[in-house]
Amino acid sequence: MAMAMMIRNAAASRRAMTPISGDFGGGLRSMSSWWKSVEPAPKDPILGVTEAFLADPSPDKVNVGVGAYRDDNGKPVVLDCVREAERRLAGSTFMEYLPMGGSAKMVDLTLKLAYGDDSEFIKDKRIAAIQTLSGTGACRLFADFQKRFCPGSQIYIPVPTWSNHHNIWRDAEVPQKTYHYYHPETKGLDFSALMDDVKNAPDGSFFLLHACAHNPTGVDPTEEQWREISQLFKAKGHFAFFDMAYQGFASGDPARDAKSIRIFLEDGHHIGISQSYAKNMGLYGQRVGCLSVLCEDAKQAVSVKSQLQQLARPMYSNPPLHGAQLVSTILEDPELKSLWLKEVKVMADRIIGMRTTLRESLEKLGSPLSWEHVTKQIGMFCYSGLTPEQVDRLTSEYHIYMTRNGRISMAGVTTGNVGYLANAIHEVTKSS
Amino acid sequence: MTSSEFSSSSSSSSSSPSDRRIGALLRHLTAATDSDNLSSVYASPTSGVSGGSVFAHLVQAPEDPILGVTVAYNKDPSPVKLNLGVGAYRTEEGKPLVLNVVRKAEQQLINDRTRIKEYLPIVGLVEFNKLSAKLILGADSPAIRENRVTTVECLSGTGSLRVGGEFLAKHYHQKTIYITQPTWGNHPKIFTLAGLTVKTYRYYDPSTRGLNFQGLIEDLGAATPGSIVLLHACAHNPTGVDPTIQQWEQIRQLMRSKGLMPFFDSAYQGFASGSLDTDAKPIRMFVADGGECLVAQSYAKNMGLYGERVGALSIVCKSSDVAGKVESQLKLVIRPMYSSPPIHGASIVAVILRDRNLFNEWTLELKAMADRIISMRKQLFEALRARGTPGDWSHIIKQIGMFTFTGLNPAQVSYMTKEYHIYMTSDGRISMAGLSSKTVPHLADAIHAVATKAV
């Protein structure tokens, strides 16, 4: 009885409210949507390229957009070491939740790659580290952590950078500043402007650095330049956060690709690192990565790790199991690890070879421009210098897909399409 | 103190490492460790300059109250210890279970050498999304037929709730979400970090160990119109207390009359009653009235895919046009969080859901798990009756799903842990999935002990 009255009252008060009309209890179809003011979001500038590529029916189409490795036949690759690891894992009876911090084994093996097999920091347990959802997840957790524990801080981001870096720190509500990085005239590093920005930033600022194979430019500081950057960071007390998504992929040698990090560690910085296995193990879809923060001592590392876990728990509780198991299986077995290192070198070498071929092809075509940067730059991407208008022409006239900043994913270049690509680039640039 | 008192194994260019270490220790020992106590201490800019950490002021966060139970259990050397903490299914032998259909699906995936490991789209595995929507809304759902549902693959239930929460915080006009009292411990944290204000509505009645329906109706009736309301689709966590179908209908009418936005957490479909359709009924009632809602699905328990983090968020909209725009905005939430979801678990689910034989086999395995839990409830109830344990323990067989809210208080829980090595969360929630015929007597003894003592 009381319930009926309550419902009648509710109905009466509801009728008095403006936005709701229509039959109560049944026909809510006349109600408008709560979401009608939701704007259609713009397509992601990187992932939207592949969507457009897939929709193109042209047989000549070329995808040099997203940074996913392709073999010389233009096919995605599952590494042999990964297939073998999968075979070994088949029939596993373990599907329980990982701890919030993920697979401890995978994390230990991953830290060794970044910090060195014999790192004293690992021995002294000074590194707070958790498994993350690839590099994106590591950057996002660090950004959330930075917001929570250094709430007045900002993040300095290089110009240009992977577009998602801006989204990550924005959603973490950490204000962003930029620092000079790419020099359009030389298509190389604007080192003096970079150092000026580092110097002029307030003491103790947070900087995002690409450890190797800068995305999207492929332009890395030299070893000597890294040393200078490190010294200036020391003088300014800046915090260095390294995004290392391409270890092994840049030069073919993981130790060499971690050099920038090793320099900072030698110089005594307490750094943070985001690591990803998406490219160097081809585990893109598995979402496997690691976030680490070097602390003063083991006790502090325990505290920091516990706080990182507090941020992971309300985001996804604990990270996915399968990819972590693949990584552990490969890295803890000397034979599989050795196979992996070989396969990483093959991928890196193929890309280096394609850089040479692309440059030579353009020069042979008699291009009026210099294409030296194609072989000077390193890693998966080449910052071609093409303008958005030229990129649009490449897409509409030649069915070649890349991001509008002129970034070419060299991993998508093959002996089969490099001639077509060079010709198309020449056609759209020869009058510049 | 001189720095030589401390081992020089760590490179330290800080000026007073000893002082810094003592400072960190003191802060750890004396500061409140409430995990929600956000430190307002700014990093000293000079700590970086002299080489100390900018995070030196951190204190250690407390253990997660649920996951921490297993940590404590693992440390216990007793041979009779019993883990009734985290809600992960165990067999009669106390072992975790990988479903047969999951094994078969995995084998199928491995044997298919054309499979690659590329990035999924931001929305995840599209086939998985479609099948998940069908599973929860029903294959004949008008909302699906009319293309009004957008579904995105997320990281299990937690991830689906978080993505949904962030979407609401960005795009919905009311930033308050009402959650049940009590609820799963992670719910308030998820929605707070998503950017919503969290309020509660009455749910559990300790005196009846059942539903406080009057309180629920009053609280939702008093909510600001348009507010979001989190609803447990079935097998309420932690209480195991669900509304009846009649009560659900009244809840639906009240919510629609006030324009309250339903956000369903469906973590136990098929696991509660043994029937996928029965456990989805409350959600389908809301969708049938043509209104909008959000649904977070998890495959952790009902497919035993805990560690693979497989779930889906569905948003039922008024029109397909709106659903398209909503999907595009969901992508903007996901991209800066983890770019795209993991492929492995979703692939397994897709193999099972798309294959008629595997699907049927799954429903049988699901029913077997649900039946075993129902049987454990009966056995525990009988065991307490046989011991003449004082009090009304009928809630053990009235409650549904993985958990029983025993009604034991923290002191009693603590006693049971200390004296009987039985581990549960301090709110008295026990995971029935962790019981077996062999261990029921031990649990009954412990409950009997605290019920007859003044603990």
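The structure presented is a predicted model; accordingly, all values stated were derived computationally and were not measured. (Residues numbered from 1 in each chain as written. Chains lettered and ligands numbered in written order. Predicted model: local features only at pLDDT ≥ 70, side-chain atom pairs only at ≥ 80, totals over all residues. Heavy atoms only, no water.)

Structural notes on the overall build of chain B
1) Next: A tally of helices and strands in chain B yields 17 helices and 13 strands.
2) Next: The buried share of chain B, reckoned over its 455 residues, is 61%.
3) Next: When contacts within chain B are restricted to residue pairs at least 6 apart in sequence, those whose partners lie at least 24 apart make up 76%.
4) Next: Accessible surface, chain B as shown: approximately 16900 Å² in total, 54% of it carbon and sulfur. (Helix = DSSP H or I, 4+ residues; strand = E, 2+ residues; numbered from the N terminus. Buried < 20%, exposed > 50% of the residue type's maximum accessible area, 1.4 Å probe, protein only. Contact = heavy atoms within 4.5 Å. Areas by Shrake-Rupley, 256 points an atom, 1.4 Å probe, with all protein chains shown as cover.)

Details of the overall build of chain A
1) Next: A count of helices and strands for chain A gives 17 helices and 13 strands.
2) Next: The buried share among the 432 residues of chain A stands at 62%.
3) Next: For chain A, long-range pairs separated by at least 24 residues make up 75% of all intrachain contacts whose partners lie at least 6 apart in sequence.
4) Next: On chain A, roughly 16100 Å² of surface is accessible, and the fraction owed to carbon and sulfur atoms is 54%.
5) Next: Of the side chains in chain A, 47 bear a positive and 48 a negative charge, and the two mean positions are spaced by 6 Å. (Lys, Arg positive; Asp, Glu negative; His and termini not counted. Charge placed at Lys NZ, Arg CZ, Asp CG, Glu CD.)

Brief notes about the layout of surface pockets
The gaps left among the atoms become clear once a water-sized probe is rolled over them.
1) Next: Volume-wise, the second largest pocket comes out at about 990 Å³.
2) Next: L47, T50, E51 and L54 of chain A together with Y119 of chain B are, among the 38 residues lining the second largest pocket, the residues nearest its centre.
3) Next: Where the lining of the second largest pocket is concerned, the elements lending two or more residues are α2 (47-55) and β1 (62-63) of chain A together with α12 (320-338) of chain B.
4) Next: With 6 residues, α2 of chain A is the largest single contributor of residues to the lining of the second largest pocket.
5) Next: Partitioning the lining of the second largest pocket into residue classes produces 18 nonpolar, 11 polar and 9 charged. (1 Å grid on protein atoms, 1.4 Å probe; cavity = no way out; pocket = protein on both sides within 12 Å on 5 of 7 lines; lining within 4 Å. Points joined across faces, edges and corners; volume = space filled by probe spheres on them. Nonpolar A, V, L, I, M, F, W, Y, C, P; charged D, E, K, R; others polar.)

Focus on the UniProt feature "domain: Aminotransferase class I/classII large" (unreviewed entry) in chain B
1) Next: Using the residue numbers shown here, the UniProt feature "domain: Aminotransferase class I/classII large" (unreviewed entry) corresponds to residues 81-447 of chain B.
2) Next: The span residues 81-447 of chain B shows a helical share of 47% and a strand share of 15%, and its end C-alpha atoms are spaced 15 Å apart. (UniProt positions renumbered as here; feature names shortened; annotations may be inferred.)

So, the interface of chain A and chain B
1) Next: Of the residues lining the interface, 105 residues belong to chain A; the matching set on chain B comes to 113 residues.
2) Next: When the two sides are added together, the surface that chain A and chain B hide from each other amounts to roughly 9400 Å², 59% of it contributed by carbon and sulfur.
3) Next: Ranking the residues of chain A by area buried against chain B places W35, M95 and Y97 of chain A at the top, with a combined share of 10%.
4) Next: The interface formed by chain A and chain B contains 6 salt bridges.
5) Next: The partner of R140 of chain A in a salt bridge is E166 of chain B, with the nearest N and O atoms 3.5 Å apart.
6) Next: Summed over the shared surface of chain A and chain B, the number is 29 residue pairs in polar contact (both at pLDDT 80 or more).
7) Next: Tallying contributions element by element places helix α12 (residues 298-316) of chain A first for the side of chain A that touches chain B, with 13 residues.
8) Next: Residue classes in the side of chain A that touches chain B are distributed as 52 nonpolar, 26 polar and 27 charged. (Buried area = accessible area lost by both parts, 1.4 Å probe. Salt bridge = Lys/Arg side-chain N within 4 Å of Asp/Glu carboxyl O. Polar contact = N/O pair within 3.5 Å; in protein donor to acceptor, adjacent residues only side chain to side chain.)

Some points on the sheet that holds strand β7 (residues 228-232) of chain B
Residue and element names in this part refer to chain B.
1) Next: Spatially, β2-β10-β9-β8-β7-β3-β4 is the arrangement adopted by the 7 strands of the open sheet, whose pairing is mixed. Either end of the sheet is taken by a strand with one partner, and the two such strands are β2 (149-154) and β4 (197-202). Strand after strand, the sheet turns through a mean of 25 degrees between neighbouring axes, direction not considered.
2) Next: Sheet topology places strand β3 (residues 176-181) next to β7; 2 bridges connect them, and they run parallel. For Y178, the partnering residue across the bridge sits in β7 and is V229. (Pairing = 2+ DSSP bridges. Axes fitted to C-alpha atoms, helices over the stretch in contact; angles between N-to-C directions.)

A look at the UniProt feature "domain: Aminotransferase class I/classII large" (unreviewed entry) in chain A
1) Next: The UniProt entry lists residues 60-425 of chain A under the feature "domain: Aminotransferase class I/classII large" (unreviewed entry), expressed in the numbering used here.
2) Next: Annotated as 47% helix and 14% strand, the span residues 60-425 of chain A places its first and last C-alpha atoms 15 Å apart.

Here we look at the confidence of the model for chain A
1) Next: Summing up the model confidence of chain A, the mean pLDDT is 91 and the portion of residues at 70 or higher is 92%.
2) Next: Per-residue pLDDT stays below 50 along residues 6-30 of chain A; that stretch engages in 36 contacts with residues further than four places along the chain or on separate chains. (pLDDT = per-residue confidence, 0-100.)

Some points on the nonpolar core
1) Next: In this structure, W35 of chain A together with F55, F263 and L380 of chain B are the most contacted members of the largest nonpolar core, which totals 200 residues.
2) Next: A total of 10 residues in this core trace back to one element, the largest contributor, which is helix α14 (residues 356-387) of chain B.
3) Next: Dropping the residues within four chain positions of it, F55 of chain B is found in contact with F142, F145, F149, C150, F206, F239, V293, Q300 and V304 of chain A.
4) Next: In terms of nonpolar packing, the next biggest core, distinct from the first, is built from 38 residues, Y179, L189, M195 and L232 of chain A among them. (Core = buried A, V, L, I, M, F, W, Y, C linked by side-chain atoms within 4.5 Å.)

Thoughts on the side chain of H322 of chain A
1) Next: With respect to the helices and strands, H322 of chain A occurs in helix α13 (residues 321-332).
2) Next: Overall, H322 of chain A belongs to the buried group, its relative accessible area being 6%.
3) Next: A distance of 3.2 Å separates the side chain of H322 of chain A from the side chain of H344 of chain B, its partner in a polar contact.

Digging into helix α7 (residues 163-171) of chain A
1) Next: Regarding α7 of chain A, the residues found buried are N164, H165, N167, I168, W169 and D171 of chain A.
2) Next: E173 of chain A sits one or two positions beyond α7 of chain A and adopts a positive phi of about 65 degrees.

Section: the pairing of β2 of chain B
Residue and element names in this part refer to chain B.
1) Next: Among the 6 residues in β2, 6 count as buried, and that is most of the element.
2) Next: Alternating residues of β2 divide into V149, T151 and E153 and T150, V152 and C154, and every residue in both groups is buried.
3) Next: One ladder, built from 6 bridges, connects β2 with strand β10 (residues 311-316); its direction is antiparallel. Bridge pairing links C154 to G311 in β10.

Some thoughts on the confidence of the model for chain B
Should pLDDT be low for a region, the predicted coordinates there are not to be read in detail.
Residues and elements named next belong to chain B.
1) Next: Put simply, chain B has an average pLDDT of 88, and 88% of its residues get 70 or more.
2) Next: pLDDT under 50 marks residues 28-50. Its contacts with residues more than four places away, or in other chains, come to 38 contacts.
3) Next: With pTM at 0.87, the complex prediction returns an ipTM value of 0.86.

Considerations on the pattern of salt bridges
1) Next: Evaluated as defined, the whole model comprises 36 salt bridges over all chains.
2) Next: With a shortest N-O distance of 3.3 Å, D72 of chain A and R350 of chain A are connected by a salt bridge. Of this pair, D72 of chain A sits in the loop between β1 and α3 (80-89) while R350 of chain A sits in helix α14 (residues 334-364), placing them 278 residues apart in sequence.
3) Next: We classify D72 of chain A as partly exposed; its relative accessible area is 30%.
4) Next: The exposure class of R350 of chain A is buried, given its relative accessible area of 13%.
5) Next: Between E86 of chain A and K117 of chain B there is a salt bridge, with its nearest N and O atoms 2.9 Å apart. Linking E86 of chain A in helix α3 with K117 of chain B in the loop between α4 (100-111) and α5 (126-137), this pair reaches from one chain into another.

Regarding the sheet that holds strand β4 (residues 176-180) of chain A
Whenever strands of a sheet pair, they do so through backbone hydrogen bonds, lying parallel or antiparallel.
Residues and elements named next belong to chain A.
1) Next: Read from one edge to the other, the open sheet built from 7 strands follows the order β2-β10-β9-β8-β7-β3-β4, with strand pairing classed as mixed. The open sheet terminates on both sides in strands that have one partner only, identified here as β2 (127-132) and β4. The sheet shows a mean angle of 25 degrees between the axes of neighbouring strands, taken without regard to direction.
2) Next: Where strand β3 (residues 155-159) and strand β7 (residues 206-210) come together, 2 bridges link them in parallel fashion. Considered in β7, the bridge of Y156 is made with F207.
3) Next: Along the sheet, helix α4 (residues 104-115) makes contact with β2, β8 (239-244), β9 (272-276) and β10 (289-294), crossing β10 at roughly 65 degrees.
4) Next: The strands touched by helix α8 (residues 191-200) within the sheet are β4 and β7, with β4 carrying the most contacts at an inclination of about 140 degrees.

Things to note about the packing of helix α13 (residues 344-354) of chain B against α14 of chain B
Residues and elements named next belong to chain B.
1) Next: Look at α13 against α14: their axes get within 5 Å of each other, and the N-to-C directions meet at 100 degrees. Between α13 and α14, the crossing angle belongs to the class labelled roughly perpendicular. Taking contact as the criterion, the partners of V351, I352, L353 and R354 in α13 are, on α14, R356, L358, F359 and W362.
2) Next: The class makeup of the residues in the contact of α13 with α14 is 6 nonpolar, no polar and 2 charged. (Parallel < 35°, antiparallel > 145°, perpendicular 65-115°, else oblique.)

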